[in-house]
Amino acid sequence: GGESLCKAYHRFFITMSSPPRSPTPRLSESEGEDLFADNMADDYQPVPELDTLEGEPGITREEAAELTADQRAAAEAEMNERDRGVKRRHEETQDDEDGGQGRRRMSRRIEQEDDAFDDEDGLDSLTDFKITPGQPLPDQVARAIKRSFEKFLLEFCRRGETEAAYHDVIARMAEKYSQSLPVRVEDLVEHNTRLVLQLAEFPSVLLPLLHEAALGVVHGQYPTYDSKSEVFVRLVDFPVEDKIRSLRGVNVNTIVHIVGVVTKRTLVLPELRELYVDCAKCGYRLGPFFITDSNDDIRPGDCPECGSRGPFKANREDSLYRNYQKITLQEAPGSVPPGRTPRAKEVILTADLVDKVKPGDLVQVVGTYRIIYSTLTAVRNRFPVFDTVIEANNVVNRATTSLQRITDSDFDRLNEMANSRGIRAKIIRSIAPSIYGNEHAKTALCMAMFGGVAKQGDQGHRLRGDINVLLLGDPGCAKSQMLKYVEKSFHRVVYTTGKGASGVGLTASMKRDYATGEWTLEGGAMVLADSGLCLIDEFDKMNEQDRTSIHEAMEQQTISISKAGLVTTLHARCAVVAAANPILGRYDPQKTFMQNVDLTDPILSRFDVLCVLRDEVNSVNDERMADFIMASHMASHPTNPVTVKRLFASREAEDVMDQEDLQKYLLYARTLNPVASDAHTAVVNEFYAEIRRVAHASGGINIGVRHLESILR
């Protein structure tokens with residue numbers, strides 16, 4: 001009869017772990033044991049001394065199945081360590097047969113691995129650290145990366161500082177129970193340059209390791225932090241900036257940094273993160289299955305309780321989810337090349353990044369550029385092409401970072417300029433310096449760019465601080481040219497024309513998403529110009545219905561939407577600078593202002609400044625203008641620019657500010673909130689009463705409370 005199979009395996013392991021003995025003669029195939037003989041069933045008979053579990057005596061299989069996840073992991077680690085010990089003893093046995101050469105080679109290899117990966121400096125000692133596409137990252141390298149990043153969070157100090165740079169950052173994050181840990185890329189480069197280079201090329205491999213390391217640091221310092229929560233490392237100030245229209249196939253699966261305006265935002269949806277499934281036959285719960293990619297096929301396999309291969313039912317109550325939202329990012333209006341249509345790209349926001357931005361915000365996004373398969377796109381192109389999206393790692397509102405371009409030395413210089421004599425006149429001359437004259441129109445543009453002070457009432461009522469300007473004048477008075485100058489000089493501007501803009505194009509529109517079938521909002525020009533300027537040329541050519549649609553946006557600076565069952569309000573906190581022509585083409589001084597313009601009183605009362613530009617015949621002024629224009633053309637001529645520029649500079653009576661300094665001056669001035677004194681209040685009250693009396697007596701424009709607020713701005 002055959003020997004028990006279990007006893008045979010037991011004898012095999014005893015033989016492998018015992019000291020070597022003299023070799024025994026091997027049995028041939030014909031002399032060996034027949035494992036499939038008639039007494040094969042005897043191998044499965046119960047053996048009480050072998051059918052027991054290791055560990056505590058008397059433990060049953062049912063009690064062993066109730067182990068927690070941590071206990072199971074510890075048991076697995078112990079068994080792996082035991083298996084490695086058996087394998088090591090087996091190799092030592094083989095080494096004795098070949099003279100011990102193999103054991104020495106193994107020792108040398110282990111010492112080299114320990115020196116390479118267990119160094120205190122982590123990745124600083126790995127000069128050949130490199131990730132190979134398509135191959136898994138070795139466990140030693142992964143552990144070294146996490147150790148290096150943990151050391152960075154706990155010990156990194158910026159130059160000239162003695163305290164850890166991220167100690168307070170982690171404390172603030174833990175206090176708010178936030179999931180975002182902002183990390184400056186510049187600091188990470190100073191700590192480990194090679195890690196940043198590999199992170200930019202393989203973010204899907206390294207970012208999860210950084211998230212795990214950050215979570216471990218937070219739990220180590222703050223044990224009360226939510227154990228089920230996640231910590232995401234948000235990259236801040238990524239040095240390389242890409243354009244939306246320049247993203248190509250070489251950027252796939254790499255980190256990109258783009259800037260654009262949010263035009264559309266979907267609802268917040270739950271995204272599956274950890275899945276639990278129930279066996280339909282015995283009800284045993286399997287999981288968790290971690291969802292790393294939406295294209296992964298999750299197969300539970302066999303049920304450990306009943307051995308069934310299915311079916312399995314998703315356990316929606318115990319599964320874990322996280323927030324998911326999709327936005328559409330369009331190129332900023334000032335960055336679109338002439339004659340091109342603006343490009344857009346979809347961005348996926350997850351976790352605590354959802355609802356961080358809204359339509360109209362100018363944002364910068366750092367994320368991973370990925371491809372996704374879309375059946376609809378493949379059918380349309382009749383070829384298996386892919387759609388592209390950006391999985392956002394960090395989203396920053398650009399409006400809050402405008403002043404970051406101004407250094408401390410710039411602040412000192414700007415304050416010195418503000419206290420100098422004649423700064424007001426110098427700023428006005430610096431507005432559109434290539435346009436001669438029109439000082440009052442340049443003053444109005446200056447007011448619109450500097451803006452007033454917005455007031456927020458106790459009851460939630462808000463008074464706008466933006467100054468709306470209307471330029472009304474004869475043809476050839478450089479109205480459109482001044483608007484173009486403002487478009488190039490101001491930090492956030494949307495330019496449109498009366499004929500090329502409709503009511504929904506200026507405010508907002510509702511569109512159905514082709515992928516989800518839901519109604520989504522798309523902001524118009526005034527929404528996109530939030531916290532900036534909206535320039536409208538040929539304002540008199542607009543339809544009356546379209547002009548009426550911007551009444552609310554010009555005064556309350558909000559846009560109310562009530563369409564397709566969606567009721568909401570969008571912000572349109574922008575100043576409107578419009579240019580228009582008189583009714584008959586030229587302004588007639590014999591008529592009143594109302595008779596010269598084809599605009600209603602409600603829309604005129606929403607403009608704080610009304611500027612009239614007239615093309616009058618004046619021989620002295622005409623000669624000066626002709627001389628200014630000729631010198632301007634000659635100064636740009638490539639043949640002899642030095643002499644002409646010297647001539648042009650001598651004809652300029654006053655100097656102007658550098659355009660870059662003017663832009664910084666505008667950004668700085670818009671952050672200040674001047675306060676009027678009691679003497680100013682008395683003067684304004686007296687002036688308002690007098691101008692209202694004169695306007696009523698002469699039959700001019702009706703002066704109301706809106707004009708008093710305009711004076712205050």
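Residues numbered from 1 in each chain as written. Predicted model: local features only at pLDDT ≥ 70, side-chain atom pairs only at ≥ 80, totals over all residues. Heavy atoms only, no water.

**What to know about the overall build of the chain**
Scanning the chain for helices and strands turns up 25 helices and 21 strands. Counting every position in the chain, which comprises 713 residues, the buried fraction comes to 36%. Once local pairs closer than 6 in sequence are excluded, the contacts in the chain between residues at least 24 apart make up 69%. Surface accessibility of the chain: about 43100 Å² in total, with carbon and sulfur atoms responsible for 51%. (Helix = DSSP H or I, 4+ residues; strand = E, 2+ residues; numbered from the N terminus. Buried < 20%, exposed > 50% of the residue type's maximum accessible area, 1.4 Å probe, protein only. Contact = heavy atoms within 4.5 Å. Areas by Shrake-Rupley, 256 points an atom, 1.4 Å probe, with all protein chains shown as cover.)

**Some words on the pairing of strand β19 (residues 566–571)**
As paired elements, strand β18 (residues 558–563) and β19 share six bridges and run antiparallel to each other. From the neighbouring strand, Ile561 faces β19, where its bridge partner is Thr568. What sits between the antiparallel neighbours β18 and β19 is a turn of two residues, in which Ala564 has the positive phi angle 55 degrees. (Pairing = 2+ DSSP bridges.)

**A few points about the packing of helix α5 (residues 139–155) against helix α9 (residues 203–221)**
The interhelical angle for the contact between α5 and α9, taken along N-to-C directions, is 50 degrees, at an axis separation of 9 Å. Considering their axes alone, α5 and α9 lie oblique with respect to each other. Of the two possible hands of crossing, α5 and α9 adopt the one that is right-handed. Contact residues: α5 offers Ala142, Ile145, Lys146, Phe149, Glu150, Leu153 and Leu154, while α9 offers Leu206, Leu209, Leu210, Glu212, Ala213, Ala214, Val217 and Gln221. A breakdown of the residues in the contact of α5 with α9 according to their chemical character gives 11 nonpolar, one polar and three charged. (Axes fitted to C-alpha atoms, helices over the stretch in contact; angles between N-to-C directions. Parallel < 35°, antiparallel > 145°, perpendicular 65-115°, else oblique. Left-handed = near helix turned anticlockwise from the far one by under 90°. Nonpolar A, V, L, I, M, F, W, Y, C, P; charged D, E, K, R; others polar.)

**Topic: the packing of aromatic side chains**
The geometry of an aromatic ring pair comes down to the distance between the two centres and the angle between the two planes. Applying the stated criterion across every chain, the model contains seven aromatic pairs. Seen from their ring centres, Phe152 and Tyr166 are 5.2 Å apart, and the 50 degrees between their planes marks the pair as tilted. Placement of Phe152 in helix α5 and of Tyr166 in the loop between α5 and α6 (167–175) is noted, with a sequence separation of 14 residues between them. Here Phe152 matches Tyr166 in class, with each residue buried. These aromatic residues form a ring-pair network of at least three members: Phe149, Phe152, Phe156 and Tyr166. Positioned above the aromatic ring of Tyr276 is the side chain of Arg285, whose terminal nitrogen or guanidinium carbon lies 4.5 Å from the ring centre. One Lys or Arg, Lys484, reaches over the ring of Tyr495 and ends 4.0 Å from the middle of that ring. (Phe/Tyr/Trp six-rings, centres within 6.5 Å; stacked < 30°, edge-to-face > 60°. Lys NZ or Arg CZ within 6 Å of the ring centre and 35° of its normal.)

**As for helix α13 (residues 439–450)**
If you check α13, its first and last C-alpha atoms are 16 Å apart, about what 12 residues at 1.5 Å a residue would give, namely 16 Å. Where α13 is concerned, the buried positions are Ala441, Lys442, Thr443, Ala444, Leu445, Cys446, Ala448 and Met449. Immediately beyond the C-terminal end of α13, within one or two residues, lies Gly451, with a positive phi of roughly 75 degrees. (Expected span 1.5 Å × (residues − 1).)

**Section: the sheet that holds strand β20 (residues 575–580)**
For sheets, the rule is that strands pair by backbone hydrogen bonds, running either parallel or antiparallel. Spatially, five strands are ordered β14-β17-β20-β13-β21 in an open sheet, and the strand pairing comes out parallel. Edge positions in the sheet fall to β14 (493–497) and β21 (609–613), since each of these pairs with one other strand and no more. Across the sheet, the axes of successive neighbouring strands diverge by a mean angle of 15 degrees, strand direction being ignored. Where strand β13 (residues 469–473) lies against β21, five bridges are found, and the strand directions are parallel. Residue pairing across strands places Leu470 opposite Leu610, the latter belonging to β21. Where α13 meets the sheet, its contacts fall on β13, β17 (533–537), β20 and β21, and the angle it forms with β21 comes to roughly 155 degrees. Taken strand by strand, helix α14 (residues 479–489) contacts β13, β14, β17, β20 and β21, and its axis lies near 155 degrees from that of β17.

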